[in-house]
Every structure is written in C-alpha cells, then in structure tokens.
Amino acid sequence: MHPALLTAIFLFSLLGHGYLWIALVNRLHGWAGPRRLIDVLTYACTAAFAMLPLLVAWQWWEWGSDFFTAKPANPLTHFALVYCLGCAMLGLGQLLAKFVRGFRDDDPQAVISKEQRFVGPPQTFPPDTLQGLYPRLLGWVPGNQALRLAVDTKRLALPRLPQQLDGLRIVHISDLHVTGRIGPAWFQHVADVVNSLNADVIMVTGDLVENEKCRAWLNDCLGKLRAQYGVYFVIGNHDLFIDAPRTVADLTSLGLIPMGGTSVLAQWNDYPVLIAGNELPWERRLADLSQPEHTHAMRPLRILLMHSPDQFDWACESDGDLALAGHTHGGQICFPILGAVAAPSLYGTRFAGGTFRRGNTVMHVTRGISGETPMRWRCPPEIAVLELVRSET
C-alpha cells in the first residue's frame, strides 16, 4: 500500500478514534443518570480510549504492510483491522461534515454583530488564585485561558421583539463552578465587570457552587450583582452535589430571583415579559407558562432560562423568544478546524457554545465563567452582553 495512503488512514483513524470515545463521554455527561454509574462508564471509556490504539498498533506492527490486505484468521487481528478502518471512515466523515456545516458558532440570522474584548483585573490576581497543586500546574500550561476573562457583546435579532424592548441589554453568565480550585478574587472580579456593564437585567444559568466551604464566596460575587430589572437564576447539576435548596435560599436572601421550575410575569419599560426557568433533566419541576398571560392583551416577550442547551426543544415548544443556557463551557478546549472537544450534552458538541435559531426561538449558549478543571484553550471564560433588536424576518 502506498505510504501516503497509509499515512492518511493512520491520521483519520486517530481522528475518528478520538471523536468516537469523546462523543460517548459527552453524551454520558448529558444524561441525568446516577453519578457513580456515569463515573464508572467514563473510566471505562477512558480505558478504551487509551488501550485500543495500542492494540491496533501492535497488530499493525505484527502484520506490517499486510495488515490492510491480508485476511487474518485471528479474531483479535480482524477486530483491530475493522476498528482501524471504521475509525478512519468516521474521522473523514466528521471532518467533511465540519466543512459542510461551516465553522461559525453563531447563526447569522440571529446575530447581527458581535465584538469580543478581554478584561483584566485592576491589579494582578494574588498568587493563590489557583489553589492546589493540580490547578497550579494547569496554570503553567501554555495558552491556558482559564483566568482570561472575555466580554462578548452580541446584537441579537428576535423576530417578535416589541418596539418597547428594542435595545434591551441582558448580561448572561453561567457555570461559575465555585469549587475552591480558583480563589475568590476571580469571582469578585467577574462580579465587578458584570456590574460595570450597566445591564438592564442579569441572567445566571446554573452550576454556581459545589463546595460547602466556599458558600460565603457567593456574598462577594453573585450577591453584588445589580440590574434595573433584577437578577434571575436557575441552578445546574453540579449545584446538586451539595445542598441545592440551601443554595437557592442563600441566593434569594441576597436579592436574586429563583426561576427553577417556575415563571414570573414582569413589566419592563411598560411591556409584559414572561421569564421562566428549566432545570431539567436533573430537577423535574417544569414551569407553567400558560396562566400569567391570561390577564394581558399583549403577548409577553418570553425569556427562558435553562441550564442545559439540550432543552432547546422545550424552549421551542414553549414558544420562547430567547432561551439562555450554559453547561457545555464552550467545549473548554477548542482545536483549529476541529472545534470544541468536551461538551456534556446528548447532542455532543453541537451546542457547545454560540447562538442558534429555530423558528422564532433564539438560544444563546454561553461558554461560562469557570469549570471543575481550570483549563481552557482557545475558549476563554465569557460574560455575554446580549443587546436585543427587532428582526425583519
């Protein structure tokens, strides 16, 4: 077999191998199953990810150039051959699909313009901002953007946006993941930047705190947020690792408005706005979106808060105008051309981050503020500023 063809098979098989097992892990972590079972299955996928290339390499070495042309009777060799070629076809197919779909993160029908700027702290973060050996080692990785905060400003076109709310500014943040691995100075900086943006309303979409020892940090972070029309929030799956009802109570006492499984009808600039929250599939409560509208002649603008973008179907079925989600962290590590890697979603990396439109519903998925692992590459933490404008289509 020609060396160029062998090289192509080798590279595409590695690519397909990575796609296969990372896709399985992504979907596992988008499932609301038992945490221990998910962890066990994740370890099994990791073992397969590490061992299968060694098996193929061993058989390739044993057979040499005859590996792809012979018809071995050995079942192990036959499996290695089929697996290698299958992965090569998967890798090629995924790469071609990337080119067909394009490489944009935002639907051009939904995003009129966007701008990104990086915001550093007024002074350098203290040395203990990354706490513990593992986070500090990751801090030395070249290109790690875990502490490089981006403010992404997008003008979103909503098909049914009323004139009274044209120009409304929403700040959307998510996934603080207060674990103790990143110190409180980082989260205080995030809060200061959010407040400096003078948003009309602030929306927070879950995975806030997962370490009991760090609860007090919320006072100087989320507790400082202020906006004309309020600060609304839902919790995420990582909030359930500790006492989630207490987290909701603590944030409510700080002035934030909990939206998990409920809805509220507000008046913004003399126009009705229906805000509702969805914490599925982890919290089973579902907001009733029908009752508040009966007392209003005008159809309220519907803004839906979700932790997971997997709830996009629910947002569309609920006739939402704007859905806000987090959970997927933008993939945390993004490669050129290949894009996002890790996204805990039943749809893999499809909704890793960006803006999507289906019918009259626009969904914005933020990259979030942090993560369990303080490692980001070509995927900086995000404060999203969403300026709503009327769409002609």
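Each remark here, short or long, concerns the structure printed above.
What you see is a predicted model, and the numbers here were worked out from it, not measured in a lab.

Participant: Before we move on, can you summarise helix H5 (residues 184-196) with the specific residues and values?
Facilitator: Compared with the 18 Å implied by 1.5 Å per residue over 13 residues, the 19 Å span of H5 between its first and last C-alpha is a close match. Within H5, burial applies to Trp186, Phe187, His189, Val190, Ala191, Val193 and Val194. Turning to H5, the residues buried within the fold contact strand E2 (150-158), strand E3 (169-173), strand E4 (201-205) and strand E15 (382-390). Downstream of H5 by one or two residues, Asn198 has phi in the positive range, about 50 degrees.

Participant: How would you explain the nonpolar core if you had to name every residue and give the values?
Facilitator: Proteins that are soluble and globular tend to have nonpolar side chains buried together. By size, the foremost hydrophobic cluster in this structure holds 38 residues, and its most contacted members are Val171, Ile173, Leu176, Leu222 and Ile383. Put simply, the parts of the chain that give this core at least two residues each are E3, H5, E4, strand E5 (231-234), helix H6 (244-253) and E15. Look past the residues within four positions of Leu176 in its chain and what remains in contact with it is Phe187, Gly206, Asp207, Leu208, Cys221, Leu222, Ile369 and Ser370. With 28 residues, the next largest nonpolar core counts Leu156, Leu158, Ile170 and Tyr229 among its residues.

Participant: Please provide a residue-by-residue account of unusual backbone geometry, values included.
Facilitator: Looking along the chain, the bond that leaves Leu280 and enters Pro281 is cis, with omega of 5 degrees. One can find Pro281 in the loop between strand E8 (271-278) and strand E9 (301-306). Phi angles above zero are rare outside glycine, and Asn198 is one such case at about 50 degrees. By secondary structure assignment, the location of Asn198 is in the loop between H5 and E4. Of note, Asp319 is a non-glycine position whose phi angle comes to about 60 degrees, a positive value. Within the secondary structure, Asp319 sits in the loop between helix H7 (312-317) and strand E10 (322-325). A relative accessible area of 31% places Asp319 in the partly exposed class.

Participant: Can you explain the sheet that holds E2? Please cite residues and give values.
Facilitator: Taken in spatial order, the seven strands line up as E1-E2-E15-E3-E4-E5-E6 in an open sheet, and their pairing is mixed. Strand pairing shows two members of the sheet lacking a second neighbour, strand E1 (111-118) and strand E6 (257-258), which therefore form its edges. Relative to E4, E3 runs parallel, the two sharing four bridges. Counted as the bridge partner of His172 is Met203 from E4.

Participant: Break down the side chain of Thr77 for me, with residues and values.
Facilitator: Looking at the secondary structure, you find Thr77 in helix H3 (residues 75-101). A residue is classified by how much of its surface remains accessible, and Thr77, at 2% relative accessible area, is buried. Of note is the side chain of Thr77, whose polar atom sits 2.4 Å from the side chain of Gln59.

Participant: Could you give me a rundown of helix H1 (residues 3-28), with the residues and numbers involved?
Facilitator: Here H1 spans 38 Å end to end across 26 residues, near enough to the 38 Å set by a 1.5 Å rise per residue. Residues of H1 that are buried in the fold lie against helix H2 (35-63) and H3.

Participant: Provide a residue-level description of empty space enclosed by the protein, including the pertinent values.
Facilitator: Scanning the model with the defined rule gives one cavity of 30 Å³ or more in all. Empty space within the largest cavity amounts to approximately 50 Å³. Forming the boundary of the largest cavity are Ala146, Ile182, Gln332, Ile369, Ser370, Gly371, Thr373, Pro374, Met375 and Arg376. Its residues assigned to classes, the lining of the largest cavity comprises five nonpolar, four polar and one charged.

Participant: How would you sum up the layout of surface pockets? Please name residues and give values.
Facilitator: Empty space within the second largest pocket amounts to approximately 1300 Å³. Lining the second largest pocket are 40 residues; nearest its centre among them are Val25, His29, His238, Pro344 and Glu372. Tallying contributions element by element places H2 first for the lining of the second largest pocket, with eight residues. Residue classes in the lining of the second largest pocket are distributed as 20 nonpolar, 15 polar and five charged.

Participant: Give a description of the pairing of E4 that names residues and reports values.
Facilitator: Of all five residues in E4, five are buried; the element is thus mostly enclosed. Judged by which residues are buried, E4 turns out to be covered on both faces: Val201, Met203 and Thr205 on one side and Ile202 and Val204 on the other are all buried. On the question of chirality, the crossover connecting E3 to the parallel E4 by way of H5 is right-handed. Inspection of the sheet shows E4 paired to E5 by four bridges, in the parallel sense. Across the sheet, the residue bridging to Thr205 is Val234, located in E5.

Conventions and cut-offs
Residues numbered from 1 in each chain as written. Predicted model: local features only at pLDDT ≥ 70, side-chain atom pairs only at ≥ 80, totals over all residues. Heavy atoms only, no water. Helix = DSSP H or I, 4+ residues; strand = E, 2+ residues; numbered from the N terminus. Expected span 1.5 Å × (residues − 1). Buried < 20%, exposed > 50% of the residue type's maximum accessible area, 1.4 Å probe, protein only. Contact = heavy atoms within 4.5 Å. Core = buried A, V, L, I, M, F, W, Y, C linked by side-chain atoms within 4.5 Å. Pairing = 2+ DSSP bridges. Polar contact = N/O pair within 3.5 Å; in protein donor to acceptor, adjacent residues only side chain to side chain. 1 Å grid on protein atoms, 1.4 Å probe; cavity = no way out; pocket = protein on both sides within 12 Å on 5 of 7 lines; lining within 4 Å. Points joined across faces, edges and corners; volume = space filled by probe spheres on them. Nonpolar A, V, L, I, M, F, W, Y, C, P; charged D, E, K, R; others polar. Right-handed = clockwise from strand over helix to strand, strands pointing away.

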